[in-house]
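Residues per chain are reported as follows:
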Amino acid sequence: MLQIGTLPIDTPRLSLRRFTVADAPAMFRNWSGDPEVTRCLTWPTHLSAAETEEVIRGWVGQYGCGNSYNWCMEWKETEEPVGSISVVDLCERAAWVEVGYCLTRRLWGRGIMTEALIAVEDFLFREVGCSRVQAKHDMENPASGRVMQKSGMKQEGVLREYGSDNRGDAVDLAVWSLLRSEWKAMGRG
Ligand SMILES: CC(C)(COP(=O)(O)OP(=O)(O)OC[C@H]1O[C@@H](n2cnc3c(N)ncnc32)[C@H](O)[C@@H]1OP(=O)(O)O)[C@@H](O)C(=O)NCCC(=O)NCCS
């Protein structure tokens, strides 16, 4: 893998770029402070923009490490941060990465996360040289599974009580992946 870090990615409706602390109010308003968005995530809903700012400060520090992939999804029409997509785990030796994402509720159902995930998969295969991109979702969150499917991933199975939600309850997680060979066969290589 070539660890090039979070470089900008352009899609028809989105600019994917690094976070800055100035994104905190919009991120809090649009997703981190919304219990409906964080319902199936591992981290609890933020209680203030200050809490969100602290989290972003940590992410900004990690950009210096080189192997941090964490994009703010900026909605081109308004230049507003509307979500995030990032690498949440990676194995350098086997060249796989795991991605996670979230989007403001008011833009759900318009294909936006699928657009972002396809662009990030293309970046991770083409620029970083991954051999596998994977993602997991709570079985209570089928919309996320549909995003994975639409981006070209295949479901591999369900890990029973593998995860824990943001209330600490055990949850079953579906595992999906896209292999480099499959990505190439789709003509995206
Ligand atoms: C999951 C999430 C990322 C989807 O983003 P999005 O931009 O709305 O996704 P898309 O519009 O690209 O696709 C959503 C698909 O799920 C489908 N869907 C929505 N609700 C569904 C449900 N309850 N069951 C099955 N499919 C559902 C939609 O119909 C759509 O499929 P279609 O294009 O075939 O109609 C967004 O809802 C979100 O941020 N949720 C909260 C955070 C989260 O769950 N993150 C993922 C953690 S694994």
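Residues numbered from 1 in each chain as written. Predicted model: local features only at pLDDT ≥ 70, side-chain atom pairs only at ≥ 80, totals over all residues. Heavy atoms only, no water.

Side note on the side chain of T6
For T6, the location among the structural elements is in the segment before strand 1 (9-10). Here T6 falls in the buried class, since its relative accessible area comes to 3%. A distance of 3.0 Å separates the side chain of T6 from the backbone nitrogen of N70, its partner in a polar contact. Excluding anything up to four places from it in sequence, T6 contacts R18, Y63, S68, Y69, N70 and W71. (Helix = DSSP H or I, 4+ residues; strand = E, 2+ residues; numbered from the N terminus. Buried < 20%, exposed > 50% of the residue type's maximum accessible area, 1.4 Å probe, protein only. Polar contact = N/O pair within 3.5 Å; in protein donor to acceptor, adjacent residues only side chain to side chain. Contact = heavy atoms within 4.5 Å.)

Observations concerning the sheet that holds strand 5 (residues 96-103)
The pairing of strands in a sheet happens through backbone hydrogen bonds and is either parallel or antiparallel. What the eight strands build is an open sheet, ordered 1-2-3-4-5-6-8-7; its pairing is mixed. Every other strand in the sheet has two partners, leaving strand 1 and strand 7 (154-164) as the edge strands with one partner each. Pairing analysis gives six bridges linking strand 3 (residues 70-75) to strand 4 (residues 80-91), with the strands arranged antiparallel. Looking at strand 4, one finds that W75 is bridged to E80. Its contacts with the sheet place helix 1 (residues 24-32) against strand 4 and strand 5, and it is angled at close to 80° to strand 4. (Pairing = 2+ DSSP bridges. Axes fitted to C-alpha atoms, helices over the stretch in contact; angles between N-to-C directions.)

Concerning the site of the ligand
Surveying the vicinity of the ligand reveals 21 residues, the closest of which are G109, G111, T114, N141 and K150. Residue Y101 places a main-chain N or O atom 2.8 Å away from a nitrogen atom belonging to the ligand. Out of a free accessible area of 970 Å², the ligand has 70% covered by protein chains. Broken down by secondary-structure element, the contributors of at least two residues to the shell around the ligand are strand 5, helix 4 (112-128), strand 6 (132-138) and helix 5 (142-150). When residues of the shell around the ligand are assigned to their parent elements, the largest contribution, six residues, is made by helix 5. Among the residues forming the shell around the ligand, the class breakdown is eleven nonpolar, six polar and four charged. (Near = heavy atom within 4 Å. Areas by Shrake-Rupley, 256 points an atom, 1.4 Å probe, with all protein chains shown as cover. Nonpolar A, V, L, I, M, F, W, Y, C, P; charged D, E, K, R; others polar.)

So, the packing of aromatic side chains
On inspection of all chains with the given rule, the structure shows six aromatic pairs. Ring centres of F19 and W31 lie 6.4 Å apart, and the angle between their planes is 50°; on these two criteria the pair is classed as tilted. In this pair, F19 is assigned in the loop between strand 2 (14-18) and helix 1 and W31 in helix 1, connecting sequence segments twelve residues apart. Given a relative accessible area of 2%, F19 falls into the buried group. Assessed through its relative accessible area of 0%, W31 is described here as buried. The rings of F19, W31 and W59 are connected pair by pair, giving a single aromatic cluster. (Phe/Tyr/Trp six-rings, centres within 6.5 Å; stacked < 30°, edge-to-face > 60°.)

What about helix 1?
Taken together, the buried positions of helix 1 are A24, A26, M27, N30, W31 and S32. Buried residues of helix 1, seen end-on, are gathered within an arc of 150° and therefore sit on one face of the element. Residues of helix 1 that are buried make contact with helix 2 (35-38), helix 3 (49-62), strand 4 and strand 5. (Arc of directions from axis to C-beta.)

Description of helix 4
Along its 17 residues, helix 4 runs 23 Å from first to last C-alpha, staying within 8% of the 24 Å computed at 1.5 Å per residue. The element helix 4 is extensively covered by neighbouring structure, given that 14 of its 17 residues are classed as buried. G129, located one to two residues past helix 4, shows a positive phi value of around 80°. (Expected span 1.5 Å × (residues − 1).)

Quick notes on the side chain of D138
With respect to the helices and strands, the residue D138 is situated in strand 6. One buried charged residue, D138, remains without a salt bridge, the closest side chain of opposite sign being R167 at 6.0 Å. Polar side-chain contacts of D138 include one of 2.8 Å to the backbone nitrogen of E140. Beyond its immediate sequence surroundings of up to four residues, D138 is in contact with C40, V171, D172 and L173. (Lys, Arg positive; Asp, Glu negative; His and termini not counted. Salt bridge = Lys/Arg side-chain N within 4 Å of Asp/Glu carboxyl O.)

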